[in-house]
Amino acid sequence: ASSTCAASIDPVHLRCEYLENPVGIDATHPRLSWRIESNDRGQQQSAYRVFVASSADKLANDEADLWDSGRVESDQTLFVKYAGKRLTSRQQCFWKVSCWSGEGDPPVSSDPASWSMALLDPSDWSAEYISYRDQTPIHTDVNELYLPAARQYRKDFKAPKQVMRATVYATALGIYELHLNGQRVGDALFAPGWTDYRQRAYYNTYDVTEMIRAGDNAIGAWVADGWYSGYVGFGLLTGMGTEKTGRATYGKTPSLLTQLEIEYADGSRQVVGTDTTWKVTGDGPIQEADLLMGEAYDARKEMLGWSTAGFDDSAWQRAILAKDNGNPTATFFQRRNPEKPGQGVRNVGTETSFGFQRPRLEAFPGVPVRVTEEISAKKMTPREAGTFLFDLGQNFAGTIRLKVRGPAGQRIQIRYGEMLHPDGRLMTENLRKARATDFYTCKGDADGENYEPRFTFHGFQFVEVANFPGEPTVDAVTGLVLHSDTPMTSTFACSDPMVNQLFKNVIWTQRANFLDLPTDCPQRDERMGWT
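Since the model is a prediction, treat every value here as computed from it, not as a measurement.

A few points about the overall build of the protein
For step 1, the next point in the chain: Across its full length, the protein carries 4 helices and 38 strands.
For step 2, the next point in the chain: Seen through its C-alpha atoms, the protein measures out along the principal axes to roughly 75 × 65 × 65 Å.
For step 3, the next point in the chain: Here the protein, with 531 residues, has 52% of them falling under the buried criterion.
For step 4, the next point in the chain: Restricting the contact set of the protein to residue pairs at least 6 apart, pairs at least 24 apart contribute 76%.
For step 5, the next point in the chain: As displayed, the protein has an accessible area near 24400 Å², and 47% of this comes from carbon and sulfur atoms.
For step 6, the next point in the chain: The distance from the centre of the 57 positive side-chain charges to the centre of the 68 negative ones in the protein is 4 Å.

Pasting the structure below:
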């Protein structure tokens, strides 16, 4: 804090809408919170004053041109509602709070914090949802999995002047990973999360000012089925969902919506939005990508520099507007309770449209899914020839990093399980219809290769690697723990190791079941947010 005194309180941990320095929120009266700390017992806040300014410099000079709450006699530190000037799309806001602890004490000011507004009006969007030309029929075979490739999209553009600020707003019907000039934008996984896409879609906002180059640039994105059109829940097990297959719950074909806005020093603006000038391919390395079933990655198909300027995309197709993929219909089966006593519960089908429907766009309100921890394998056990079992010593939700050196074309199979049979075999029966299997095809790099699945996750402690070239060391497999990056707020320890272990179990269970939505299990064909 900027000033302190002997028996003072310090306002710390400033949050806006529960988040620290959020980028791109759409709450027009955001709630501001802070925490009070003191070295002395029994201290409390007697009054506060909130300053909100349109620039960091103005805030530093106590020039609160957006809102000055004035001194408020209150011990409130949570959810103080912004009550200043009307906030507009793209607005940047800088804020701090001053707090008083007693009558004669001077106020103590917090360090500055910030937030920015997202796109508040549908008319702010000029970009359109784009997709690839999808002429396949809706999948109806319950005996065979349908696992389409993840698509790559790209577009070259120029930034001819001095850039002051660059912001990209992005979403997908499906899940996406954004790239700019060969670098990944952000570190969120499974963005933009799971919604009822027929009602709403979340979008993410990224500050990419430092990533834009003078002159030639390129933007790109991976897009996979995710929850939108991939396998979801236990539909395949129970004969529910679209054509009883459990996939394409909301729509048939994923699509991408991205709007990059560049503000130049001379006051001009440039928008690079998704439209039919973008290119798309399904011939990249991710040939299968499904949350329940797993991912198949062929490293021989990697396209170096695909998201950099000047990449040769002449073999790629033109993207189309998502709405131009037509309006396929199929029968959607739902569980119905019996209408009359004595009838059994049954699945009832309804003819439903699975073409593109534009949902209402809302700024993503949560915290992203990230890799929060890496777990080293504790033990590696050879099984039959070429097959090895790794024990990570902890049941968790996530993926792995595989380190391998092998000839081009060697296809490695990776299976996941929570337990072993008494004879040491991997137990997968409890996964039911979730295949939960990844495949990696080597490109033949003499220096070795690393693989981390992008568009799937598993619940597991044990990893079985088959058709592995040579004999791996125990560090060939590393566990990557994935969950919504919610901070730990509690600890527990006592003299009883059993009770301590119980607390650890609670933590790991909660981690494994907070993957964008609270779910019931991360391993089998369910993973549903039942509430």
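Picking up after the structure, the text goes on.
Things to note about the layout of surface pockets
Using a probe with the size of a water molecule, rolled over the atoms, empty space left in the structure can be pinpointed.
For step 1, the next point in the chain: Empty space within the largest pocket amounts to approximately 730 Å³.
For step 2, the next point in the chain: Counted by class, the lining of the largest pocket contains 12 nonpolar, 9 polar and 6 charged residues.
For step 3, the next point in the chain: In this structure, the second largest pocket occupies an estimated 510 Å³ of space.
For step 4, the next point in the chain: Lining the second largest pocket are 22 residues; nearest its centre among them are Val232, Thr249, Tyr250, Phe332 and Met528.

What to know about the packing of aromatic side chains
For step 1, the next point in the chain: The full count for this structure, using the stated rule, is 24 aromatic pairs.
For step 2, the next point in the chain: Between the aromatic rings of Tyr297 and Tyr451, the centroid separation amounts to 5.3 Å while the plane-to-plane angle is 40°, which identifies the pairing as tilted. Within this pair, whereas Tyr297 is found in strand β21 (residues 294-298), its partner Tyr451 is found in strand β34 (residues 449-451), the two being separated by 154 residues in sequence. The exposure classification of Tyr297 matches that of Tyr451, with both residues buried.
For step 3, the next point in the chain: Judged by centre distance (5.8 Å) and plane angle (70°), the rings of Phe311 and Trp316 are edge-to-face. For the pair shown, Phe311 and Trp316 are each scored as buried.
For step 4, the next point in the chain: The structure contains a cluster of three or more aromatic residues connected by ring pairs, namely Phe190, Trp194, Trp227 and Phe457.
For step 5, the next point in the chain: Looking at Arg247, its charged tip hangs above the ring of Tyr231, at a distance of 5.3 Å from the centre.

A word on the pairing of strand β20 (residues 286-290)
For step 1, the next point in the chain: Burial of β20 is extensive: 4 of the 5 residues sit out of reach of the surface.
For step 2, the next point in the chain: With 4 bridges joining them, β20 and β21 adopt antiparallel strand pairing. Note on β21: the bridge partner recorded for Ile286 is Tyr297.

Observations regarding the nonpolar core
For step 1, the next point in the chain: By size, the foremost hydrophobic cluster in this structure holds 63 residues, and its most contacted members are Phe190, Trp227, Phe390, Leu402, Ile412, Tyr440 and Val463.
For step 2, the next point in the chain: Other than its neighbours up to four places away in sequence, Leu402 contacts Ile412, Ile414, Tyr440, Glu449, Asn450, Tyr451, Val465, Phe468, Ala476 and Val477.

Observations regarding the side chain of Gln410
For step 1, the next point in the chain: Structurally, Gln410 can be placed in the loop between β29 (388-404) and β30 (411-417).
For step 2, the next point in the chain: With residues up to four places along the chain from it excluded, the contact list for Gln410 reads Tyr440, Thr441, Cys442, Asn467, Phe468 and Pro469.

Things to note about the confidence of the model for the protein
For step 1, the next point in the chain: The predicted model of the protein averages 95 in pLDDT, with 98% of residues at 70 or higher.
For step 2, the next point in the chain: Low pLDDT, under 50, characterises residues 1-6; the stretch is placed with 13 contacts to residues that sit more than four places away or in other chains.

Re the pattern of salt bridges
For step 1, the next point in the chain: By the definition in use, this model includes 36 salt bridges.
For step 2, the next point in the chain: Taking the shortest distance from any N to any O, the salt bridge between Glu37 and Arg35 comes out at 3.0 Å.
For step 3, the next point in the chain: Among the ionic pairs, Asp65 bridges to Lys58, the shortest N-O distance being 3.4 Å.
For step 4, the next point in the chain: Under the relative-accessibility criterion, Lys58 is labelled partly exposed at 29%.
For step 5, the next point in the chain: Ionic contacts of the salt-bridge type, sharing partners, join the residues Arg90, Asp124, Glu261 and Arg269 into one network.

Re a nonpolar patch on the surface
For step 1, the next point in the chain: Taken together, the side chains of Tyr18, Leu78 and Phe79 define a hydrophobic patch exposed on the protein surface, amounting to about 310 Å² of accessible area.
For step 2, the next point in the chain: Summarising the element assignment, Phe79 is placed in the loop between β4 (67-68) and β5 (80-81).
For step 3, the next point in the chain: Exposure remark for Phe79: the relative accessible area of 36% places this residue in the partly exposed category.

Reading the values: rules and limits
Residues numbered from 1 in each chain as written. Predicted model: local features only at pLDDT ≥ 70, side-chain atom pairs only at ≥ 80, totals over all residues. Heavy atoms only, no water. Helix = DSSP H or I, 4+ residues; strand = E, 2+ residues; numbered from the N terminus. Buried < 20%, exposed > 50% of the residue type's maximum accessible area, 1.4 Å probe, protein only. Contact = heavy atoms within 4.5 Å. Areas by Shrake-Rupley, 256 points an atom, 1.4 Å probe, with all protein chains shown as cover. Lys, Arg positive; Asp, Glu negative; His and termini not counted. Charge placed at Lys NZ, Arg CZ, Asp CG, Glu CD. 1 Å grid on protein atoms, 1.4 Å probe; cavity = no way out; pocket = protein on both sides within 12 Å on 5 of 7 lines; lining within 4 Å. Points joined across faces, edges and corners; volume = space filled by probe spheres on them. Nonpolar A, V, L, I, M, F, W, Y, C, P; charged D, E, K, R; others polar. Phe/Tyr/Trp six-rings, centres within 6.5 Å; stacked < 30°, edge-to-face > 60°. Lys NZ or Arg CZ within 6 Å of the ring centre and 35° of its normal. Pairing = 2+ DSSP bridges. Core = buried A, V, L, I, M, F, W, Y, C linked by side-chain atoms within 4.5 Å. pLDDT = per-residue confidence, 0-100. Salt bridge = Lys/Arg side-chain N within 4 Å of Asp/Glu carboxyl O. Patch = residues over 30% accessible without salt bridge, like charges linked within 9 Å, V, L, I, M, F, W, Y side chains within 5 Å.

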